[in-house]
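Observations on the three-dimensional arrangement
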Amino acid sequence: NNVAKMLESSFDSSSLSSLMWYLPSIQNLIEGTNSVKRTSFVETNLTHWQLVFLVTRFVQSLLKMDRPIMLILDDFQWADALTIDLVLGDILSSVFDQKKSDRFMFVGMYRDDEVFGEHPLSMKLSNLRQSGNANVTEIPLDGFSKRDITDMIATELKLPRRIVSELGDVVHKKT
């Protein structure tokens, strides 16, 4: 597997093990090769700048493979300012420095009703738009209606709509 070889050649086992703590799906990429044992969080207590170095090096290594890369983060509204700077600052900067932005896509999902004003994500998105370094496209999505949720529950449980309608109401109110 080319990705596994790239990871094992780009990182020593300690660095790769630390990176796996923060990006556990890396383990799936290196399974079946000279697997690296994942360390405990106590052993992996990286400083912010060590993490920035490892993550940007990881993205740079992937980009050298001349393959399209998509980084997806959900619930971005809960990210702290350092994480937002890591993703929308350090990682994107390393992509632009390598002139590989045509093969990199970042998809960040967040609840727009929780990101406004002085929220770090709101400010960083505004800065990205103004800089012109990245194509920022926002796709607003409406929430699911009670009927949508009830239909999904009925489909998944293979029950008539009338039987799950109260459950659909409760789920809609909670979410």
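Residues numbered from 1 in each chain as written. Predicted model: local features only at pLDDT ≥ 70, side-chain atom pairs only at ≥ 80, totals over all residues. Heavy atoms only, no water.

**Things to note about the nonpolar core**
Filter applied, for reference: The term nonpolar core refers to a set of buried residues drawn from Ala, Val, Leu, Ile, Met, Phe, Trp, Tyr and Cys, joined through side-chain atoms within 4.5 Å. For every residue, the accessible area (1.4 Å probe, protein chains only) is compared with the maximum for its type, and the residue is labelled buried under 20%, exposed over 50%, or partly exposed between those bounds. To qualify as a helix, a DSSP run of H or I must reach at least 4 residues; to qualify as a strand, a run of E must reach at least 2; elements of each kind are numbered from the N terminus. Residues count as neighbours in contact if any of their non-hydrogen atoms are within 4.5 Å of one another.
Counting 34 residues, the largest nonpolar core has Leu-7, Phe-58, Leu-88 and Phe-104 as its most contacted members. Elements with a contribution of two residues or more to this core: helix 1 (2-10), helix 2 (13-22), helix 3 (26-30), helix 4 (48-63), helix 5 (81-97) and helix 6 (120-131). Every residue in contact with Phe-104, bar those within four places of it in the chain, is listed here: Val-59, Leu-63, Ile-69, Leu-71, Ile-91, Leu-92 and Val-95.

**A word on unusual backbone geometry**
A negative phi angle is the norm for most residues apart from glycine, just as the trans form is the norm for most peptide bonds. Positive phi is not limited to glycine here, since Asp-75 has a value of about 55°. Looking at where Asp-75 falls in the secondary structure, it is placed in the loop between strand 1 (69-73) and helix 5. Judged by relative accessible area, which is 29%, Asp-75 ranks as partly exposed. One non-glycine residue, Lys-158, lies in the positive phi region at around 55°. As for its position among the elements, Lys-158 is in the loop between helix 7 (146-157) and helix 8 (161-174). According to the relative accessible area criterion, Lys-158 is exposed, its value standing at 72%.

**So, a nonpolar patch on the surface**
Definition in use: Each patch is built from salt-bridge-free residues with over 30% relative accessible area, joining like charges within 9 Å and nonpolar side chains (Val, Leu, Ile, Met, Phe, Trp, Tyr) within 5 Å. To measure how exposed things are, a 1.4 Å probe is used in the Shrake-Rupley method; for residues, cover is taken only from the protein chains shown. Whenever Lys or Arg places a side-chain nitrogen within 4 Å of a carboxyl oxygen from Asp or Glu, that contact is recorded as a salt bridge.
Taken together, Leu-157, Leu-159, Ile-163, Leu-167 and Val-170 make up a surface patch of nonpolar side chains, about 420 Å² in accessible area. For the nonpolar patch, the element with the most residues is helix 8, which contributes three residues. Note that Leu-157 resides in helix 7.

**Re the packing of aromatic side chains**
What counts here: Aromatic pairing here means that ring centres of Phe, Tyr or Trp (its six-membered ring) are within 6.5 Å. Orientation follows from the plane angle: under 30 degrees is stacked, over 60 is edge-to-face, and everything else is tilted. When the NZ atom of lysine or the CZ atom of arginine is within 6 Å of a ring's centre and also within 35 degrees of its normal, the charge is said to sit over that ring.
Under the criterion given, the structure shown has one aromatic pair. Lying over the aromatic face of Phe-11, Arg-57 brings its terminal NZ or CZ to 5.1 Å of the ring centre.

**Some words on helix 4**
Put simply, the rule is: Any helix carries an expected span of 1.5 Å times its number of residues minus one.
With 16 residues, helix 4 extends 22 Å between its outermost C-alpha atoms, agreeing within 8% with the 22 Å of an ideal straight helix rising 1.5 Å per residue. Here helix 4 has its buried residues at Leu-51, Val-52, Leu-54, Val-55, Thr-56, Phe-58, Val-59, Ser-61, Leu-62 and Leu-63. In this structure, the buried residues of helix 4 make contact with helix 1, helix 2, helix 3, strand 1, helix 5 and strand 2 (104-108).

**Quick look at the side chain of Ser-61**
So the rule is basically this: Counting of polar contacts relies on pairs of N or O atoms within 3.5 Å, with two restrictions inside protein: one atom must be capable of donating a hydrogen and the other of accepting it, and residues adjacent in sequence are counted only when both atoms are side-chain atoms.
Looking at where Ser-61 falls in the secondary structure, it is placed in helix 4. Polar side-chain contacts of Ser-61 include one of 2.8 Å to the backbone oxygen of Arg-57. Aside from chain neighbours lying at most four places away, what touches Ser-61 is Met-6, Ser-10 and Phe-11.

**A word on the confidence of the model for the chain**
Any region with low pLDDT has predicted coordinates that should not be read closely. Where we set the bar: pLDDT: the predictor's confidence for each residue, scored from 0 to 100.
Scored by pLDDT, the chain has a mean of 84; 91% of the residues are at 70 or more. At the level of individual helices and strands, the chain shows its lowest average pLDDT in helix 3, which scores 79, and its highest in helix 7, which scores 96.

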